[in-house]
Amino acid sequence: MSKNALVAGGAGFIGSHLTDLLLSKGYNVTVVDNLVTGRPQNLDAARKNGVHYVDCDIRDASGLAKTLAGKKFDEIYNLASPASPVDFAKMPVFILETGSIGHRNLLDLARAQGARILFASSSEVYGDAEVHPQVESYFGNVNTVGHRSCYDEAKRFGEALSLSYKIEHGVEVRMARIFNTYGPRMRPDDGRITPNFFIQALQGQPLTIYGDGSQTRSFCYVSDQVAGQYALMQSSESRPVNIGNPIERTVLEMATTINKLTGNTAEIRRLPLPENDPKMRKPDISRAKASTGWEPRVSLEEGLQSCLENFRRELELAGGKITARVLGG
Ligand SMILES: NC(=O)c1ccc[n+]([C@@H]2O[C@H](COP(=O)([O-])OP(=O)(O)OC[C@H]3O[C@@H](n4cnc5c(N)ncnc54)[C@H](O)[C@@H]3O)[C@@H](O)[C@H]2O)c1
């Protein structure tokens, strides 16, 4: 018999790819989303494959009870949360409430239905890490009152709440610490590094980097990311698990690669480094490998090639009128 899955945040970038993966595995999938940062077109393929869409804010317990009435789930994936740093200043209270009240509502649903629940946490729980690469046993270095604190603390609270529901109510929880993920369906104007660089490069503009570009990130292609989350859900691992690609690049390297790929010759534009910007990001994925057998497969070159086609199409559809959102720029 087919399994039933709920994907909260399924109209977003990663959630829509996860929805497609679950549908391809024969799941009945319901997506709950309020489109605060998601887009209906992300579910075009899923709609053809029978996804059920519910418009609801996960912070709204009575709304969830009404819109999901009569539905029974085996697996709940909670990916609902704005994730771009440009949203941290715009809606910090919403972000904190989504990671706390919203996640609690889904934990209650999981508890009531005996479902497993996966929380999309983040490498941001490590903050400006002093341990490199980041291993799950590291407690992190987070500023509770900085520009990124609404997001970082929402994720840390979401993990603590997940663990508490496991201890107090026996809920089967999974926690994916997601590292920088990129791919088609990212909002071209959402301010994150990959869409920003592509939109700027395809418009022949200078790419914006913060600081000198020597800070590192590890970029995971989205098909690898959702395969990792699915493998984690199927595993018996209830501790937090890093899901990301351990190959590390400097931001400057990423900018140069995208300029080369798009043929952009404009100079790079440097802006001040934002407060508490992590200097180094690289997941240690030993736990993921040991618990799930998963590891990423897609090279940065392959992944960026598919992004190139995607962002070209986005620009065409928008008549060339997309502006990269730059922090403080
Ligand atoms: N993309 C990354 O590199 C990355 C890295 C670390 C963690 N994550 C986490 O993964 C998840 C998905 O990220 P993404 O990049 O796909 O972001 P996204 O903004 O594209 O997707 C998030 C989705 O959640 C929905 N949403 C947000 N708040 C909601 C609420 N209160 N109720 C209902 N729906 C709500 C949005 O409308 C959107 O469709 C997020 O939880 C994010 O924090 C992403």
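Residues numbered from 1 in each chain as written. Predicted model: local features only at pLDDT ≥ 70, side-chain atom pairs only at ≥ 80, totals over all residues. Heavy atoms only, no water.

## Some details on the domain arrangement of the protein chain
Phase 1 of the analysis: Domain boundaries in the protein chain define domain 1 (4–180 + 222–243) and domain 2 (181–218 + 246–281 + 298–317).
Phase 2 of the analysis: The centre of domain 1, based on its C-alpha atoms, is set 25 Å off from the matching centre of domain 2.
Phase 3 of the analysis: Taken residue by residue, the interface counts 31 residues in domain 1 and 25 residues in domain 2.
Phase 4 of the analysis: Among the residues of domain 1 in contact with domain 2, Phe13, Arg39 and Asn180 are the three that bury the most area, contributing 28% of the side total.
Phase 5 of the analysis: In this structure, the connection of domain 1 to domain 2 is made through six salt bridges.
Phase 6 of the analysis: Aspartate 128 is the salt-bridge partner of lysine 279, the closest N and O atoms lying 2.6 Å from each other.
Phase 7 of the analysis: Summed over the shared surface of domain 1 and domain 2, the result is 17 residue pairs in polar contact (both at pLDDT 80 or more).
Phase 8 of the analysis: Broken down by secondary-structure element, the contributors of at least two residues to the side of domain 1 that touches domain 2 are helix H1 (13–24), helix H4 (85–90) and helix H8 (222–234). (Domains from an automatic or database assignment. Contact = heavy atoms within 4.5 Å. Buried area = accessible area lost by both parts, 1.4 Å probe. Salt bridge = Lys/Arg side-chain N within 4 Å of Asp/Glu carboxyl O. Polar contact = N/O pair within 3.5 Å; in protein donor to acceptor, adjacent residues only side chain to side chain. Helix = DSSP H or I, 4+ residues; strand = E, 2+ residues; numbered from the N terminus.)

## Let's talk about the site of the ligand
Phase 1 of the analysis: Taken together, 30 residues lie around the ligand, and Ile14, Asp33, Thr37, Tyr151 and Thr181 are the ones closest in.
Phase 2 of the analysis: Within the side chain of aspartate 33, a nitrogen or oxygen atom sits 2.6 Å from an oxygen atom of the ligand.
Phase 3 of the analysis: Residue threonine 98 places a side-chain N or O atom 3.1 Å away from a nitrogen atom belonging to the ligand.
Phase 4 of the analysis: For the ligand, whose free accessible area comes to 820 Å², the fraction covered by protein is 97%.
Phase 5 of the analysis: Mapped onto the shell around the ligand, the elements with two or more residues apiece are H1, helix H5 (92–113), strand S5 (116–122) and helix H6 (149–169). (Near = heavy atom within 4 Å. Areas by Shrake-Rupley, 256 points an atom, 1.4 Å probe, with all protein chains shown as cover.)

## So, empty space enclosed by the protein
Phase 1 of the analysis: Overall, the coordinates contain two cavities of 30 Å³ or more when judged by the stated rule.
Phase 2 of the analysis: A volume near 50 Å³ is recorded for the second largest cavity.
Phase 3 of the analysis: Residue assignment for the lining of the second largest cavity shows that the elements contributing at least two residues are H5 and H6.
Phase 4 of the analysis: Of the residues assigned to the lining of the second largest cavity, the class counts are five nonpolar, four polar and one charged. (1 Å grid on protein atoms, 1.4 Å probe; cavity = no way out; pocket = protein on both sides within 12 Å on 5 of 7 lines; lining within 4 Å. Points joined across faces, edges and corners; volume = space filled by probe spheres on them. Nonpolar A, V, L, I, M, F, W, Y, C, P; charged D, E, K, R; others polar.)

## Topic: the layout of surface pockets
Phase 1 of the analysis: Taken as a whole, the largest pocket holds about 150 Å³ of empty space.
Phase 2 of the analysis: As for the largest pocket, its lining consists of Arg39, Gln41, Asn42, Arg185, Asn310, Arg313, Glu314 and Leu317.
Phase 3 of the analysis: Class assignment of the residues belonging to the lining of the largest pocket gives a composition of one nonpolar, three polar and four charged.
Phase 4 of the analysis: Split by domain, the lining of the largest pocket shows at least three residues from each of two domains, domain 1 (4–180 + 222–243) and domain 2 (181–218 + 246–281 + 298–317).

## Regarding the pattern of salt bridges
Phase 1 of the analysis: Evaluated as defined, the whole model comprises 21 salt bridges.
Phase 2 of the analysis: In this structure, arginine 217 and aspartate 277 form a salt bridge, with 3.4 Å as the shortest nitrogen-oxygen distance. Here the residue arginine 217 occupies a position in strand S9 (residues 216–218), and aspartate 277 occupies one in the loop between strand S13 (269–271) and helix H10 (286–292), the gap between them amounting to 60 residues.
Phase 3 of the analysis: Linked by salt bridges that have partners in common, Glu124, Arg148, Arg217, Asp277 and Arg281 make up one network.

## Things to note about H8
Phase 1 of the analysis: With 13 residues, H8 should cover 18 Å at 1.5 Å per step; its first-to-last C-alpha distance of 19 Å lies within 8% of that length.
Phase 2 of the analysis: Counting buried positions along H8 yields 10 of 13 residues, so the element is predominantly enclosed.
Phase 3 of the analysis: Where H8 is concerned, the buried positions are Val222, Asp224, Gln225, Val226, Gly228, Gln229, Tyr230, Ala231, Leu232 and Met233. (Expected span 1.5 Å × (residues − 1). Buried < 20%, exposed > 50% of the residue type's maximum accessible area, 1.4 Å probe, protein only.)

## Regarding the packing of H5 against H6
Phase 1 of the analysis: Their axes nearest at 9 Å, the elements H5 and H6 cross at an angle of 20 degrees. If you check the angle between H5 and H6, you find them roughly parallel. As H5 packs across H6, the resulting crossing turns out to be right-handed. On H6, the residues touching Pro92, Ile95, Leu96, Gly99, Ser100, His103, Arg104, Leu107, Asp108 and Arg111 of H5 are Cys150, Tyr151, Glu153, Ala154, Phe157, Gly158, Leu161, Ser162, Tyr165 and His169. (Axes fitted to C-alpha atoms, helices over the stretch in contact; angles between N-to-C directions. Parallel < 35°, antiparallel > 145°, perpendicular 65-115°, else oblique. Left-handed = near helix turned anticlockwise from the far one by under 90°.)

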